Structure formats: C-alpha cells, structure tokens
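Analysis of the macromolecular model
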Amino acid sequence: MAAEFDVIIIGGGPAGLMAARAAGEEGLKVAVLERKQEIRTIRRSCAGAFNVNVPVFGVTATFDEDKKQFHFAELETTITYDGPYQNIFGFHIYSPGGKRLEFGKIADLRKDPQKNRLGMAINKEHLLGTLLDELKNYDVTVYSDTNVHSVEKETDGVAVHCTGQVKKIKAPFCIAADGINSRIARMLGMNKSRSFFGTLRDASIVIEKTTCPDPEGFLFMITPGGIFSMMPFAQEECYHISASSLRRDVDLVELLDYFINKDALYASWFKGSRIVEHRTSCVVNLLSPMETPFKDNVLFIGDACWRREISNVGALTTGFKAGKCMAEAIREDKENPTGIKNYLDWYQTYFYLPHGKRPQGGRDFSKYLTPEDIDYLVSLPEEEFPQTIDFLKVVDCIGKTYANLFAKIYEENPAVMDKLIKIRENAEEDLKQNVKQGFKPL
C-alpha cells in the first residue's frame, strides 16, 4: 500500500529542502526523497557562492551579521546561517600575460565589506544541515538513500515508485528538485523540446593561501593551457579552483596541475599553497531552460529546469515559491495546472522571459586567438566596468564594449580583427562540434 502525502519532493538540495520547509510551514504533509545517504554531503564541484545585496531573479538576499541570518525581503522569510564564509566583491578576467578586465575595484570595495560585497562563499553543507534541522519542526518525512525509478500520473495525483526506505508513495503534487541532470525530466520527456549545447566537464580543488592580488573576486584566468576559474571558499584563506571543458579529450586533472604548478605567470600565486579539500568534479548537460516547468502534476524547480546552475539564491527562491503555491492549490482544491498558475506566471516573469531564450555561450576563443592577441584585447578598454558577479551581465558588457572598439582594432591590428570575424562566422559550426562531443539526455 502506498504511503500518502500532500506533496512529494524529489531531491534534497537547497531547492528541495526549501520547498519542504515552505510547504511544512503551511501545514502540509511532505515527503522528501533523496538518493544520497547523507543529504548534507556535497560531492560535486561547488564553491558555495551566495549572492547578496543584488537582485537575483527578482529577489535580493541580505545577510545580518548579528542574527546570522539571510533575509529575503521579497519572500518575507529568513534562513539561519552561522557557518564560515568569505566575501566576494567582483568579477575579474585575467589574460595570459596578467592584464585584466575588472568588474569592481576590489581593493576599494573591501574597505566596507558588508555594504559592497555582492556575494559570500558559504559552507553549503552547513546550510543544508540547517534546513534539514528546521524540517523537524514540521510534518516532513525525509527518506535518504532512496532512488526514484518511475513517476506516474494517476487520477488523484502522482505516484512515485522507489527503491530504498519506501517503495511507493502518492500525493496530489510532486516537486522535481533533482538537479541539473534531472532524472525526472528524462522520465517525463521534458528534455525533448529543449535545445542541447554540449556536455561540460568540471574538476575542482580547494587550496589554502594564495598571493593573487585580489582573491576576494570571482576570477577567470585565460592561459596558454586552458581557462580556469577561482573564487573564495568558505574557510578563511581557502580558494576554490576549477578547470572545465566541453571536449572529451581534455584531461582536467592535468589542467589543474598545469595551472597551479607550471603556468609561467599564475603558478607563482600558489608557491606557498597546499590542497586542503578532496578533489571534486561534475558533468553537466547544457540544455535550454524549460519554458513551462510542469507536467502531469510534477513541478520542476531549481537546477532541474534551468540551463546550468540557477544559483543558490535562485534555487532557494524557486523552492520557497513552489512550496507556498502548492499549499494554496491544495487548500483551494485545485490540484491541477490552474492551482499553480501563480507559480508558473512568476517563473515566466523572472526566469524564462528575461533569460530563457538567451543563446548558450562557452566558445573556445583560444582556437583562434594567441596569448598575445588576448593580452592586446584585454588591454584596450579604458572605461571602468560596473561591479558585478553576474556572468550574464559580464558577457553583455564585454559585447557592447568591444563592439565599440572594432574600428580601433581594425586600424591597429587587422590580423586580430580577421580572427574575431572568423570566430563569429564559425559560431554555428563550433556549436555543432560541442554538441557532437556531448551526451544528449533523452
């Protein structure tokens, strides 16, 4: 006989646990199904970035140092966080020769960190642990070490079949919060209408100490060996370093070794460093966002419906809104698409319409440009860029800036201009190659 609940939530990450808390606050009987045995353990690459003081999908999180709480004014809710953190102030892009595009002067911004930070690197395991502890206050049952192998629409709701602590479970609604490579999305055929852009592989390490001039930023380093990212980790003086590629033949472990030990410029940052965390990795299928993240009484939230990581704030926000909306639908006896119309309208306004049709990036410019070419291009902008850690804003700003510099580039360095034109002409073919090397989810 199937166990019966008001809402079934598949996935125990930030989106899923926040949805459980929000639904529990409204008095719903909730089940959370999570495949990991220890829910709070993070195994995939994750630096723990948490946006603050700036809107993310219509919601601005702030952090109260005294109360140790994240406050979401638009949602009228808070999340306790009393774990370690480091501040993040801006986005910097470094060229092979050490020139950089600065989206925020970090040396100046760190003088008033609470006002000027745009992000905090938090311990995500600590955050998940706090949310799990809060679920004990509500009628929420958490089933860990539980794999979902089918989800079926029934006349009175949804039936979920599992292996683990529970075999069959039923509810009027189900929330799929099972992450970027959502298995539930594949089961229900949600990926068939989504565009596929390739498969991104990532490998990461955490190091202690660096002589990087501005380590409290979200940094990208373009080198002769590859492109790397670096940002603060939660623990003081620790930093998360990643290498990624859309190509199958790239050894990411070798790339990381090159960056911290062999690169002519950047290896000097890590001469006194040591690796303090185990290596992590992830494989991400790059898909266009779901236009309507709902089918057969299953609502997709967080990374499960998005192109890549939706951000911690985005995940928590979708979880909160989903939990509250489902409670309203059940109270009004609208256990159908009409019942969650408010959520779907909100998703369209803040997620899909402004961001859903945006083309996928991720071009490998090193195929066309030499390190000297990149140094030259990075040295050109004279105006200061606005402070941000929003990657989409960075891309837009760079696009506008260099569009205005094309005449100068053509006059000073026509060979580089020819290569930039080639990059644009080959965009479609490069995308085809990325797709060919990927593993499209069915």
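Bear in mind that the values here come from a model prediction, so they are computed numbers and not experimental data. (Residues numbered from 1 in each chain as written. Predicted model: local features only at pLDDT ≥ 70, side-chain atom pairs only at ≥ 80, totals over all residues. Heavy atoms only, no water.)

If you look at the biggest cluster of nonpolar residues, it comprises 84 residues, and the most contacted ones within it are L33, F50, F72, V160 and F300. Counting residues per element, this core draws most heavily on helix 7 (residues 312-331), which supplies 10 residues. Beyond its immediate stretch of four places on either side in the chain, V160 contacts I8, I10, L33, V148, S150, V151, K167, K168, I169 and C174. (Core = buried A, V, L, I, M, F, W, Y, C linked by side-chain atoms within 4.5 Å. Buried < 20%, exposed > 50% of the residue type's maximum accessible area, 1.4 Å probe, protein only. Helix = DSSP H or I, 4+ residues; strand = E, 2+ residues; numbered from the N terminus. Contact = heavy atoms within 4.5 Å.)

Attention now moves to empty space enclosed by the protein. By the definition in use, this model includes 1 cavity of 30 Å³ or more. In this structure, the largest cavity occupies an estimated 50 Å³ of space. As for the largest cavity, its lining consists of I180, N181, S182, A185, R186, N191, R194, N285, L287, A304 and P441. Broken down by secondary-structure element, the contributors of at least two residues to the lining of the largest cavity are helix 5 (183-187) and strand 22 (274-287). Of the residues belonging to the lining of the largest cavity, the class tally is 5 nonpolar, 4 polar and 2 charged. (1 Å grid on protein atoms, 1.4 Å probe; cavity = no way out; pocket = protein on both sides within 12 Å on 5 of 7 lines; lining within 4 Å. Points joined across faces, edges and corners; volume = space filled by probe spheres on them. Nonpolar A, V, L, I, M, F, W, Y, C, P; charged D, E, K, R; others polar.)

So, about unusual backbone geometry. Of note in the backbone geometry, N53 takes a positive phi value of approximately 65° without being a glycine. Along the polypeptide, N53 turns up in the loop between strand 4 (49-51) and strand 5 (55-56). A residue is classified by how much of its surface remains accessible, and N53, at 30% relative accessible area, is partly exposed. Phi is positive for E237, close to 65°, though the residue is something other than glycine. Residue placement: E237 occurs in the loop between strand 20 (227-232) and strand 21 (238-245).

This part is about the pairing of strand 19 (residues 218-222). The two faces of a sheet get side chains in turn, since along a regular strand they alternate between them. Examined bridge by bridge, strand 10 (residues 91-94) and strand 19 share 4 bridges and lie parallel to one another. The partner of F91 across the bridge, within strand 19, is F218. One ladder, built from 4 bridges, connects strand 19 with strand 20; its direction is antiparallel. Along strand 20, the bridge assignment pairs F220 with S229. Counted along the chain from strand 19 to the antiparallel partner strand 20, the turn is 4 residues long, and its residue G226 has a positive phi close to 160°. (Pairing = 2+ DSSP bridges.)

A few words now on helix 7. Compared with the 28 Å implied by 1.5 Å per residue over 20 residues, the 29 Å span of helix 7 between its first and last C-alpha is a close match. D333 lies just past helix 7 and shows a positive phi near 55°. (Expected span 1.5 Å × (residues − 1).)

With a probe scaled to a water molecule rolled over the atoms, the places where space remains empty come into view. By volume, the second largest pocket amounts to about 290 Å³. Forming the walls of the second largest pocket are 20 residues, and the residues nearest its centre are I42, C46, E125, F233 and E277. Among the elements of the structure, helix 4 (124-135), strand 18 (196-208) and strand 22 are those that each provide at least two residues to the lining of the second largest pocket. Taken together, the residues of the lining of the second largest pocket sort by class into 8 nonpolar, 8 polar and 4 charged.

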